[in-house]
Amino acid sequence: MAAADLVERARAGDNDAFRELTEPYLRELQVHCYRMLGSLEDAEDALQNTLLSAWQSLGGFEGRASLRTWLYRIATHRCLDARRAAARRPAKEWDVPGVEPPEPTRLGEVVWLQPFPGALLEGAVEAPLGPEARYEQTESISLAFVTALQVLPPRQLAVLVLRDVLGFRASEVADMLDSTVTSVNSALKRARAGLQRHRPPPAGQQPPPPAGSPAEDAIVARFVHAWESADLDALVALLTDDVFMSMPPMPFEYQGQDIVARFCAGLFDAGRRFDLVPSRANGQPAFGAYLRTPNGISHGVGLYVLTLTGDRICALTRFDNSVLPWFGLPRSLPSR
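Per chain, residues are indexed from 1 in the order of the written sequence. Reporting in this predicted model follows two pLDDT cut-offs: at least 70 for local features of residues, and 80 or more for side-chain atom pairs to be given and counted; totals over whole chains, interfaces and linings ignore these cut-offs and use all residues. Only hydrogens and water are set aside; all other atoms, that is, all heavy atoms of the structure, feed into the side-chain values.

### Here we look at the packing of aromatic side chains
Right, on to step 1. The aromatic pairing rule takes the rings of Phe, Tyr and Trp, using the six-membered ring of Trp, and pairs them if the centres are within 6.5 Å, calling planes under 30 degrees apart stacked, those over 60 edge-to-face and the rest tilted. Under the definition given, this model contains 13 aromatic pairs.
Right, on to step 2. Relative to tryptophan 70, the ring of phenylalanine 61 has its centre 5.0 Å away and its plane inclined at 40 degrees; by these criteria the two rings are tilted.
Right, on to step 3. Summary of the burial criterion: residues with accessible area below 20% of their type's maximum are buried, those above 50% are exposed, and those between are partly exposed, where the area comes from a 1.4 Å probe applied to protein chains only. Assessed through its relative accessible area of 11%, phenylalanine 61 is described here as buried.
Right, on to step 4. Three or more aromatic residues link up through ring pairs in this structure, and these residues are Phe223, Trp227, Phe268, Phe274, Phe287 and Tyr304.

Spelled out as structure tokens, the structure:
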């Protein structure tokens, strides 16, 4: 059915027509909201608010821009509203019994960060981009990129995502944000500088191996073997010298091979042994971590996401066990 006919039916109150109009854009809009907010839960709320706003204001859709652009305008404003009113997830205290962590290198700012399940990326990162997009879709959903975005002021963040990630023209973004091209260009310049400060290009760092490639599989297999067998030497051999470890919503962050090794040694020395179940988050290898117990059951304690460079691991991000169901992972499983 032609889009114009669907719009007319939806304006007349036809829920099915509205669903047919909006469904092709839901995945990419959810990813957009996630980039803006850094939290899967907040992104889902923003997406639902976007759909409600679109349903209520469909009568004002004049067709001067495409329906997709109109939906991005609404989604961006709902995300900006969420950022202004945000009661973001508070930092969480250390809660691993029997393990005393080393003093952190620093305390992280973005404690509300959550991982994005690989299954929800299907069909979203293939969405069409404008000609001015500067980032690959896989890079712009990575944990490092999304984390760096969160530190930008909200309006700069919106402009950078709309211009450099999605490739909308400056005039389109000005219309979306009820602004001017001059203001958009100024905000973009400041946003790019801010992103550079919080995410400087790593000197000499190699790109990660392609997802699902033999090279990625080899690193993943070595990590799983080292972690499950508590082989600290084998684990350290996989880490870059400047490896970075974070664990939102706990603010602890560790930078450097020695201190990350000490953190992992603290886990292993406490007699904790784990089973790992593979998954993917933010386009990166991820694992549900399950703590073995004497009764033969392994209990889910968190999700680890690996950031790779060449054949090494340059970042480890640990999320708490509340995220496991988003990845189709059980709360517990039989120990191996």
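### A word on the environment of arginine 197
Right, on to step 1. Tracing the sequence through the fold places arginine 197 in helix H10 (residues 181–198).
Right, on to step 2. When its relative accessible area of 62% is taken as the criterion, arginine 197 is described as exposed. Comment: elements are numbered from the N terminus, with helices defined as DSSP H or I runs of at least four residues and strands as E runs of at least two.

### A word on the packing of helix H5 (residues 67–84) against helix H8 (residues 154–165)
Right, on to step 1. Relative orientation of the contacting elements H5 and H8 amounts to 150 degrees, with a least axis distance of 10 Å. As far as their axial angle goes, H8 and H5 are roughly antiparallel. Read as a crossing pair, H5 and H8 show a hand that is right-handed. The residues of H8 that touch H5, namely those facing Thr76, Leu80 and Arg83, are Pro154, Arg155, Leu157, Ala158 and Leu162.
Right, on to step 2. Considered class by class, the residues forming the contact of H5 with H8 number five nonpolar, one polar and two charged. For helices, the fitted axis covers only the stretch in contact; all axes are lines through C-alpha atoms, and the angles between them, taken along N-to-C directions, range from 0 to 180 degrees. Just so you know how the angles are binned, under 35 degrees is roughly parallel, over 145 roughly antiparallel, 65 to 115 roughly perpendicular, and the rest oblique. Put simply, a crossing is left-handed when the front helix is turned counterclockwise from the back one by less than a right angle, and right-handed when it is turned clockwise. Residue contacts follow a heavy-atom distance rule, with two residues in contact if any of their heavy atoms lie within 4.5 Å. Residues are grouped as follows: Ala, Val, Leu, Ile, Met, Phe, Trp, Tyr, Cys and Pro are nonpolar; Asp, Glu, Lys and Arg are charged; every other residue, Gly included, is polar.

### What to know about the state of the cysteines
Right, on to step 1. Throughout, disulfides are identified as pairs of cysteine sulfur atoms within 2.5 Å of each other. For the structure on display, the rule yields zero disulfides.
Right, on to step 2. Just so you know, cysteine 33 is unpaired, no disulfide at all, and the nearest cysteine sulfur is the one on cysteine 79, 3.6 Å from it.
Right, on to step 3. For cysteine 33, a relative accessible area of 0% translates into the label buried.
Right, on to step 4. Here cysteine 79 falls in the buried class, since its relative accessible area comes to 0%.

### Looking at the pairing of strand S7 (residues 312–320)
Right, on to step 1. Counting buried positions over the nine residues of S7 gives eight, a clear majority of the element.
Right, on to step 2. Pairing between strand S2 (residues 239–247) and S7: four bridges, direction parallel. Residue pairing in the sheet places serine 246 in a bridge with threonine 317 of S7.
Right, on to step 3. Between any two strands, at least two bridges found by DSSP are needed for them to pair. Pairing analysis gives eight bridges linking strand S6 (residues 297–309) to S7, with the strands arranged antiparallel. Note on S7: the bridge partner recorded for threonine 309 is arginine 312.
Right, on to step 4. Linkage of S6 to S7, two consecutive antiparallel strands, is achieved through a turn of two residues, within which glycine 310 is found at a positive phi near 60 degrees.

### Remarks on the packing of helix H3 (residues 26–37) against H8
Right, on to step 1. Relative orientation of the contacting elements H3 and H8 amounts to 135 degrees, with a least axis distance of 10 Å. Overall, the two elements H3 and H8 adopt an arrangement that is oblique. Crossing geometry of H3 relative to H8 is assigned as right-handed. Contact residues: H3 offers His32, Arg35 and Met36, while H8 offers Leu157, Ala158, Val161, Leu162 and Val165.
Right, on to step 2. Residue composition of the contact of H3 with H8, grouped by class: six nonpolar, one polar and one charged.

### A look at the nonpolar core
Right, on to step 1. Tyr34, Trp70, Leu149 and Leu303 are the most contacted members of the largest nonpolar core, which totals 72 residues.
Right, on to step 2. Put simply, buried Ala, Val, Leu, Ile, Met, Phe, Trp, Tyr and Cys residues joined by side-chain atoms within 4.5 Å make one nonpolar core. Among the nonpolar cores identified, the runner-up in size contains 34 residues, and Val96, Val99, Leu235 and Leu316 belong to it.

### Let's talk about the pattern of salt bridges
Right, on to step 1. One speaks of a salt bridge when a side-chain nitrogen belonging to Lys or Arg is within 4 Å of a carboxyl oxygen belonging to Asp or Glu. Scanning the entire structure with this criterion turns up 15 salt bridges.
Right, on to step 2. Overlapping salt bridges bring together Arg78, Asp81 and Arg84 as one network.

### Things to note about H10
Right, on to step 1. Between its first and last C-alpha, H10 extends 26 Å over 18 residues, near the 26 Å set by a 1.5 Å rise per residue.
Right, on to step 2. Residues of H10 that are buried include every one of Val184, Ala187, Leu188, Ala191, Gly194 and Leu195, and no others. In an axial view of H10, the angular spread of the buried residues amounts to 130 degrees, which keeps them on one side of the axis. Facing away from the buried side of H10, by more than 90 degrees, are the exposed residues Thr182, Lys189 and Arg197.
Right, on to step 3. Structurally, H10 contributes buried residues whose contacts are with helix H7 (143–150), H8 and helix H9 (170–176). Between the first and last residue of a helix there are one fewer steps than residues, each counted as 1.5 Å, and that sum is the expected span. In this description, the arc belongs to the directions extending from the helix axis to the C-beta atoms.

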